[in-house]
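Results of the structural survey
The primary structure of each chain is shown beneath.
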Amino acid sequence: MISTGRMPRTVRRLARSVAVGTVMVGSIAAGPLPATATAAQARPATPAADREITFTVDGTITYGTLHIPAHRRGQKMPAVLLLPGSGPTDRNGDQPPALTPHTLAKLAEALASDGVVSLRFDKYGTGRTGLGAYAGRPETLDYPAFVRQADAAYRLLAGQPEVNRRAVRLIGHSEGALTALRVAVTAEPRAAGVGLLQPLARRFLDVLAQQLHDQLAAAVAAGQLSRQEQLTIGRAVDQAVADLRAHRPPDTSAMPPALAELFRALAGPSRRYVETIDAINPASVAHQLPPRTPALLTCGTIDQQVPCHTTTQLAAALGRAHSSGPGRIVLPGVAHDLTDPANPDVLAPATFDALRRFMRCGTR
């Protein structure tokens, strides 16, 4: 067994990001106004604004931000519901105080620059929402509860006075992409498109195991682990995944302490969530999308969490569902948080271009 001190920092960081606390492991239609002014266009513009918004689902008040770009009075704009990744990731795409990439806040800003309304919210276990009705019984919180929460947010967004209800889309980042798919399958009104940004493209525990194996291989390459240690820990990871799927306590005896803690957390209060999300194959959900739904799937060439090769099955499922373009777009030099590490304060240009291509598809 390897001591905590020998454990690669990358593996420790992954363990912390996957299971934190009790909640697991997660030109456009309204473009710039023409220069010539009609009577309607000459009316004073309403400035951009953030509106705090709340809604109640399953006995819990959810808090969110509705961002409304500058617009003409009475104008109906396209809109997007933004869904965050795994763990305690809040409405801005952050896990404060340690991780603050502002992924969803940056997406909202990018969309607003093209006249698109967006809604993002604090899911269960994050921000002002917290655990809500599940505070005294976190072990009962399952993945379908997050889908119901997102579905309620989608319907709320579609009903906003500034929104064209025929032009509402969903965009999910990482684990949020699976939730976007689940909502899009039965969305009312029908979703105008679904964007899957660096998505959870395979079953949850398969993705987790692959990430851990990749981290172990990198540690060997860096001289931080021996090949035998890699094999020992790798077998322990695979056995722990098998134990979780068989509803057995995972055997963590051959794991470093941080990984053992991770798997004990997955088998603890988060077990119901883990079991219910792991039961879902994202490709099977994608196959249920209504035909001709515009779909975007992105993967970054330097994304260590969702390598492009892991998205092939999901991309093929979107094709079998007869979704419309743009389909899968590879983002050169883009990391999991949708940025170029050389300029992490803004979305990478390739990300922005993919968003614009997606928002142009299927406009009606």
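Refer to the structure above for everything that follows.
Predicted, not measured: the structure shown is a model, and the values here were computed from it.

With respect to the overall build of the protein
A count of helices and strands for the protein gives 12 helices and 10 strands. In the protein, which comprises 364 residues, the share counted as buried stands at 55%. Surface summary for the protein: the accessible area is close to 15,100 Å², and the carbon and sulfur share equals 53%.

Some points on the packing of helix H6 (residues 204-221) against helix H7 (residues 227-245)
Two elements in contact, H6 and H7, have axes separated by 10 Å at closest approach and are oriented at 170°. In terms of their interaxial angle, H6 and H7 are classed as roughly antiparallel. Contact residues: H6 offers Leu205, Asp206, Ala209, Leu212, His213, Leu216, Ala217 and Val220, while H7 offers Gln230, Ile233, Gly234, Val237, Asp238, Val241, Leu244 and Arg245.

Description of the pairing of strand E6 (residues 117-121)
Of all 5 residues making up E6, 5 are buried, and the element is well covered by its neighbours. The alternating pattern of E6 places Val117, Leu119 and Phe121 and Ser118 and Arg120 on opposite faces, both of which are buried. Alignment of strand E3 (residues 60-68) against E6, held across 4 bridges, turns out to be antiparallel. Each bridged residue has a counterpart across the sheet, and for leucine 66 the counterpart in E6 is leucine 119.

A closer look at the side chain of threonine 298
The topology assignment puts threonine 298 in strand E9 (residues 294-300). For threonine 298, a relative accessible area of 1% translates into the label buried. Of the polar contacts made by the side chain of threonine 298, one reaches the side chain of glutamine 198; its length is 2.7 Å. When residues no more than four places from it in sequence are discounted, the contact partners of threonine 298 are Leu196, Leu197, Gln198, Pro199, Ile329, Leu331, Leu338 and Ala354.

Focus on the nonpolar core
For soluble globular proteins, nonpolar side chains are generally found buried alongside one another. In terms of nonpolar packing, the biggest core is built from 78 residues, with Leu81, Leu157, Leu170 and Phe263 touching the most fellow members. It is helix H4 (residues 143-158) that contributes the most residues to this core, 10 residues altogether. What phenylalanine 263 contacts, discounting residues up to four positions off in sequence, is Leu208, Leu212, Val237, Ala240, Val241, Leu244, Pro250, Thr252 and Met255. Within the second largest apolar cluster, 21 residues are counted, among which are Leu107, Ile329, Leu338 and Ala354.

Comments concerning the sheet that holds strand E8 (residues 194-197)
Pairing is mixed in the open sheet, where 8 strands are placed in the order E2-E3-E6-E5-E7-E8-E9-E10. Strands at the two margins of the open sheet, each flanked by one partner only, are strand E2 (49-57) and strand E10 (324-331). Sheet twist, expressed as the mean angle between neighbouring strand axes with direction ignored, is 20°. As defined by bridge partners, E8 adjoins E9 across 4 bridges and the pair is classed as parallel. If you follow leucine 197 over to E9, its bridge partner there is threonine 298. Of the strands in this sheet, E8, E9 and E10 touch helix H11 (residues 312-320), which is tilted by about 165° from E9.

Focus: the environment of arginine 155
Tracing the backbone shows arginine 155 in helix H4. Since its relative accessible area comes to 46%, arginine 155 is described here as partly exposed.

Considering the pairing of E10
Direction of pairing for E9 relative to E10: parallel, over a ladder of 7 bridges. By the bridge assignment, glycine 300 is partnered in E10 with leucine 331. A crossover connection joins E9 to the parallel E10 through H11; in handedness this β-α-β unit is right-handed.

A few points about the environment of threonine 65
On the secondary structure map, threonine 65 appears in strand E3. Here threonine 65 falls in the buried class, since its relative accessible area comes to 8%. Separated by 11 residues in sequence, threonine 65 and threonine 54 place their C-alpha atoms 8.6 Å apart. If near-sequence neighbours (up to four positions away) are discounted, threonine 65 is found in contact with Asp50, Arg51, Glu52, Ile53, Arg91, Ser118, Leu119 and Arg120. Separated by 2.8 Å, the side chains of threonine 65 and arginine 91 make a polar contact.

Section: the state of the cysteines
For the structure on display, the rule yields 1 disulfide. Put simply, cysteine 299 and cysteine 308 are joined by a disulfide, and their sulfur atoms are 2.1 Å apart. Here cysteine 299 and cysteine 308 share a disulfide; its torsion about the S-S bond, 100°, makes the bridge right-handed.

Focus on H7
With 19 residues, H7 should cover 27 Å at 1.5 Å per step; its first-to-last C-alpha distance of 27 Å lies within 8% of that length. Residues of H7 that are buried include every one of Gln230, Ile233, Gly234, Ala236, Val237, Ala240, Val241, Asp243 and Leu244, and no others. Buried residues along H7 sit in contact with H6, helix H8 (257-266) and helix H9 (271-278). Phi for histidine 247, located one or two positions after H7, is positive at around 65°.

The rules behind the values
- Residues numbered from 1 in each chain as written.
- Predicted model: local features only at pLDDT ≥ 70, side-chain atom pairs only at ≥ 80, totals over all residues.
- Heavy atoms only, no water.
- Helix = DSSP H or I, 4+ residues; strand = E, 2+ residues; numbered from the N terminus.
- Buried < 20%, exposed > 50% of the residue type's maximum accessible area, 1.4 Å probe, protein only.
- Areas by Shrake-Rupley, 256 points an atom, 1.4 Å probe, with all protein chains shown as cover.
- Axes fitted to C-alpha atoms, helices over the stretch in contact; angles between N-to-C directions.
- Parallel < 35°, antiparallel > 145°, perpendicular 65-115°, else oblique.
- Contact = heavy atoms within 4.5 Å.
- Pairing = 2+ DSSP bridges.
- Polar contact = N/O pair within 3.5 Å; in protein donor to acceptor, adjacent residues only side chain to side chain.
- Core = buried A, V, L, I, M, F, W, Y, C linked by side-chain atoms within 4.5 Å.
- Right-handed = clockwise from strand over helix to strand, strands pointing away.
- Disulfide = S-S within 2.5 Å.
- Expected span 1.5 Å × (residues − 1).

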